[in-house]
Amino acid sequence: MLIFTRKVGQKIRIGDDIEITVLDIRKGSVKIGIEAPKGLFIHREEVYRRIIQENLSAAKSVLNSQEQFDDTKINIKKSQSAQVGKQSSGSQ
Amino acid sequence: MKIETTRFGTVEIDEDKVLRFVRGILGFPNDLRYALLPHKDDSPFFWLQSLDSPDLAFVVINPSLIVSDYAFELPKDAEQELELERPEQAEALVIVTFRPGENGNPAIMSANLLGPVVINVDKGLARQVVLDPNKYPVRYEFN
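Note that the structure is predicted; figures quoted are calculated from it, not measured.

Procedures and definitions
- What you see as residue numbers is a count from 1 along each chain, following the sequence as written.
- Both sets of labels track the order of writing: A upward for chains, 1 upward for ligands.
- Per-residue local features of the predicted model are confined to residues with pLDDT of at least 70, and side-chain atom pairs are confined, for both listing and counting, to 80 or more; whole-chain, interface and lining totals are unaffected and use all residues.
- Each helix corresponds to a stretch of at least 4 residues labelled H or I by DSSP, and each strand to a stretch of at least 2 residues labelled E; elements are numbered beginning at the N terminus.
- Comment: burial labels come from other C-beta atoms within 10 Å of the residue's own C-beta, placed from the backbone, where a count of 20 or more is buried, 12 or fewer is exposed, and between is partly exposed.
- A residue pair is marked as a contact if its C-beta atoms, positioned from the backbone, fall within 7 Å.
- The size measure is the radius of gyration over C-alpha atoms, and the globule rule it meets is 2.2 Å times the number of residues to the 0.38 power.
- Within a predicted model, pLDDT stands for the predictor's per-residue confidence, ranging from 0 to 100.
- Throughout this description, the term nonpolar core refers to a group of buried Ala, Val, Leu, Ile, Met, Phe, Trp, Tyr and Cys residues whose C-beta atoms join them within 7 Å.
- DSSP calls a pair of strands paired once it identifies at least 2 bridges connecting them.
- Here an axis means a line fitted to C-alpha atoms, over the contact stretch when the element is a helix, while the angle between two N-to-C directions is reported on a 0 to 180 degree scale.
- By this rule, a helix spans an expected 1.5 Å times one less than how many residues it contains.
- What the arc covers is the set of directions going from the helix axis to the C-beta atoms.

## Observations concerning the overall build of chain A
If you tally the helices and strands in chain A, you get one helix and four strands. Shown N-terminal to C-terminal, the secondary structure of chain A runs as helices and strands in the order β-β-β-α-β. In chain A, which comprises 92 residues, the proportion classed as buried is 11%. Put simply, 3% of the contacts in chain A that link residues at least 6 apart link residues at least 24 apart.

This is the structure:
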């Protein structure tokens, strides 16, 4: 693992396209800005882990199980289909 | 085309109904082709069956059937990868997890609203999208 010491406002560059800036340091938290090419997967590690964990649980929960889940008891909401908005302005 | 599945045996599906994932569902990077199979007639559930692993399948549901106001901004990178040109081309499905109910009660069902699967219905492209964890729960219990 590479370890850098950086001050607020200083950057780290990874390859040609990825730039990481230390924006602020306060009370044990670091605020980091990331500039990276579109399509690169950038998320907080714990969010990423949480979704992987839930996907694994979901797959496992139905694997080989013979349960006929009762879908008659669900309160089906009477609304239009889910809206998926388009995001006009870019980055995270 | 015929596909092999652990749960349903051999299933015949239309080749142009195959969903091609531009990225694997998180945790399953090698499974990139899926088929959407109805659970039962008139059931709100579908099975998202992997064509690459016969034993991999997810139960999915249209989120608007369980949450009345589920809406999200699709991140721009996902929009591009899914080659979405118009909002009507996008459909969202959420993955359902079952947990055993206590004292013989029926299984608890929860939907992953944090990581919906978004499909370009015109092109058959799909991807799991990660949303803002402050707004969307990973386990939304709905039964």
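## Some details on the overall build of chain B
Check the secondary structure of chain B and you find one helix and twelve strands. Of the regular secondary structure in chain B, the N- to C-terminal order runs β-β-β-β-β-β-β-α-β-β-β-β-β. Taken over C-alpha atoms, the radius of gyration comes to 15 Å for chain B, in line with the 15 Å a tight globule of 143 residues would show. With the principal axes as the frame, chain B shows a C-alpha extent of 45 × 40 × 30 Å. Evaluated residue by residue, chain B yields a buried proportion of 41% over its 143 residues. Counting contacts in chain B only where the partners sit at least 6 residues apart, residues at least 24 apart contribute 50% of the total.

## Let's talk about the confidence of the model for chain A
Looking at chain A as a whole, its pLDDT mean stands at 79, while 68% of the residues score no less than 70. Here residues 87-92 of chain A is a poorly scored stretch, pLDDT under 50, and it has six contacts once near neighbours within four places are set aside; other chains count.

## Things to note about the nonpolar core
All names here are of chain B. Judged by nonpolar contacts, the single largest core of 46 residues is most densely connected at F58, V60, I61, V94, V96 and V118. Ranked by residue count, the leading element in this core is strand β8 (residues 90-99), at seven residues. Discounting residues that sit within four places of it in the chain, V94 has contacts with V60, I61, P63, A111, N112, L113 and P116.

## Brief notes about the sheet that holds strand β1 (residues 11-14) of chain A
Residue and element names in this part refer to chain A. Spatial ordering of the open sheet is given by β1-β2-β3, a layout of three strands whose pairing is antiparallel. Bordering the open sheet on either side are β1 and β3 (29-35), each of which pairs with just one other strand. Direction aside, the axes of adjacent strands within the sheet are offset by 25° on average. Pairing of strand β2 (residues 18-26) with β3, which is carried by seven bridges, proceeds in the antiparallel orientation. Note on β3: the bridge partner recorded for I25 is V30.

## Description of the environment of I95 of chain B
The topology assignment puts I95 of chain B in strand β8. Once the C-alpha coordinates of I95 of chain B and D16 of chain B are considered, the two residues, 79 residues apart in sequence, prove to be 23 Å apart. Filtering out sequence-adjacent residues up to four positions away, I95 of chain B remains in contact with N55 and A58 of chain A together with F58, V60, N112 and V117 of chain B.

## Regarding helix α1 (residues 45-62) of chain A
All names here are of chain A. Between its terminal C-alpha atoms α1 stretches 26 Å, which fits the 26 Å expected from 18 residues at 1.5 Å a residue. Taken together, the buried positions of α1 are R50, I51, E54, N55, A58, A59 and S61. One side of α1 holds all its buried residues, which, seen down the axis, span an arc of 165°. Exposed side chains of α1 directed beyond 90 degrees from the buried face belong to E45, E46 and K60.

## Quick word on the environment of R20 of chain B
All names here are of chain B. Here R20 lies in strand β3 (residues 19-21). Note on R20: 14 C-beta atoms within 10 Å, which makes it partly exposed. Along the chain, R20 and L32 lie twelve residues apart, while their C-alpha atoms are 5.8 Å from each other. Leave out the neighbours within four places in its chain, and R20 touches L32, R33, G124, L125 and A126.

## Some words on unusual backbone geometry
Peptide bonds are mostly trans, and most non-glycine residues show a negative phi. Residue and element names in this part refer to chain A. Even without being glycine, K27 reaches a positive phi, approximately 45°. Summarising the element assignment, K27 is placed in the loop between β2 and β3. Look at K27 and you get exposed, because 4 C-beta atoms sit within 10 Å.

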